[in-house]
Amino acid sequence: MSVALAGVIGDPVDHSLSPFLHNAAFEHLGIAARYERWRTSCAELPQRIASLRAPHILGANITLPHKIAVIPLLDRLDPQAEQIGAVNTIVRLPDGQLEGCNTDAPATVATLREDAGFDPTGKRIVLLGASGAARAAAYALITAQATALTVINRTLERAEELLADVLASSDADPYLRALTPDDPDVPEAIASADLIINATSLGWHADETPLPGHLIPATALVFDMVYRPTRLLREAAQAGAATLDGRGMLVRQAALSFERWTGVPAPLNVMFAAFDRAGARSA
């Protein structure tokens, strides 16, 4: 029996726990498929994406730094990915065409609601970063009727572009602003936030944090998309804030990707258990 393949495309990907989640799901459901890590530099990206057209490929997940750069290499985007302007899932269609999708956006809101009991409706959000994951989070939160969104990013133009795209894709009229980390308005924005999200890669190394701990208010929920213990979450807890790591988001976006590739419901509990086993081994 031939084995179908899927994988995660990014640079780096050695840290990724996605293979544990998907391979546990394939095994649980008796699907003859395997999920791999496909480290891919920016220069190698076109060739890697072209390789996904092979008949034995189900599709791929896309992670840093390729969630935006991959778009011109695809044949089509689903409506949500087109509005977000970022792709984290590629599906190989029966005719060999490649469709870009975004499962980060629904996974963001589902994780906030189900794991933290946080409803974005009417809330003030601070988003750290302007990455593809940040785009998905911004779209999801505005769609969920958040009333204010501040994006803090080292490059102001990227934050402004993100907000312009979000506004263009929404019928809502939220308060939007873009700031750089050294802007004098940052402390006020942080202090008034109901939710602070780290959508940067800062946190994969223990000493990194995207936000000085003394700015974190006790009244906020701090959500770090990095799925390991981070300095940001540790300092947030010390400040008395509620905290949420990236575990739920990783598993939920993976489950949605799995369903796009296979056409069957993902075994969510199996994937959560696989994450916990893999996390314990890598801790």
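Refer to the structure presented above.
Reading the values: the criteria
Counting of residues starts from 1 at the beginning of each chain's written sequence and follows it residue by residue. Residue-level local features of this predicted model are given only where pLDDT is at least 70; pairs of side-chain atoms are given and counted only at 80 or more, and the full residue set underlies all totals for whole chains, interfaces and linings. Working from all heavy atoms in the structure, the side-chain values ignore hydrogens and water. Should a side-chain nitrogen of Lys or Arg be within 4 Å of a carboxyl oxygen of Asp or Glu, the pair is scored as a salt bridge. To qualify as a helix, a DSSP run of H or I must reach at least 4 residues; to qualify as a strand, a run of E must reach at least 2; elements of each kind are numbered from the N terminus. Each residue is assigned to one of three classes by its accessible area relative to the maximum for its type, calculated with a 1.4 Å probe on protein chains only: buried under 20%, partly exposed between the two thresholds, exposed over 50%. By the convention used here, strands pair only if DSSP detects at least 2 bridges between them. By the convention used here, residues are in contact when the closest approach between their heavy atoms is within 4.5 Å. Lines fitted to C-alpha atoms define the axes here, with helix axes fitted over just the stretch in contact, and angles between the N-to-C directions of these axes take values from 0 to 180 degrees.

**Q** Go over the pattern of salt bridges, please, and point to the residues and values.
**A** As enumerated under the stated definition, the model contains 16 salt bridges in all. For Glu188, the salt bridge is made with Arg177, and the minimal N-O distance between the two is 2.9 Å. Highlighted residues: Glu188 in helix H7 (residues 186-191) and Arg177 in strand S9 (residues 175-179), separated in sequence by eleven residues. Under the relative-accessibility criterion, Arg177 is labelled buried at 16%. Measuring nitrogen to oxygen at the nearest pair gives 2.9 Å for the salt bridge that ties Glu235 to Arg231. You can see Glu235 and its partner Arg231 sitting in helix H8 (residues 231-238), four residues apart, about one turn around the helix.

**Q** Describe the sheet that holds strand S3 (residues 57-62), listing the residues and the values that go with them.
**A** Spatially, S2-S1-S3-S5-S6-S4 is the arrangement adopted by the six strands of the open sheet, whose pairing is mixed. The open sheet has two free edges, formed respectively by strand S2 (33-39) and strand S4 (76-77), since each of these has just one partner strand. As paired elements, S4 and strand S6 (residues 98-101) share two bridges and run parallel to each other. Following the sheet pairing, Arg76 is matched in S6 by Glu99. Across the sheet, helix H1 (residues 18-29) touches S2 and S3, and the angle it forms with S2 is around 165°. Across the sheet, helix H9 (residues 247-262) is in contact with strand S1 (4-10), S2, S3, strand S5 (89-92) and S6; its angle to S3 comes to roughly 155°.

**Q** Tell me about the sheet that holds strand S8 (residues 148-152), and name the residues and values.
**A** On the basis of which strands lie adjacent, the open sheet formed by six strands has the order S9-S8-S7-S10-S11-S12 and parallel pairing. Of all strands in the sheet, those bounded by a partner on one side alone are S9 and strand S12 (242-244). In this sheet, adjacent strand axes meet at a mean angle of 15° when their direction is disregarded. Relative to S12, strand S11 (residues 221-224) is paired through three bridges, and the arrangement is parallel. What sits directly across from Leu221, in S12, is Ala242. Against the sheet, helix H4 (residues 104-116) contacts strand S10 (195-198), S11 and S12, and its axis sits at roughly 130° relative to S11. H8 rests against S10, S11 and S12 of the sheet, and its axis sits at about 170° to S11.

**Q** Can you tell me about the environment of Leu250, naming the residues and giving the values?
**A** Within the fold, Leu250 resides in helix H9. Its relative accessible area of 10% is what places Leu250 among the buried residues. Sequence separation between Leu250 and Gly213 is 37 residues; the distance between their C-alpha atoms is 25 Å.

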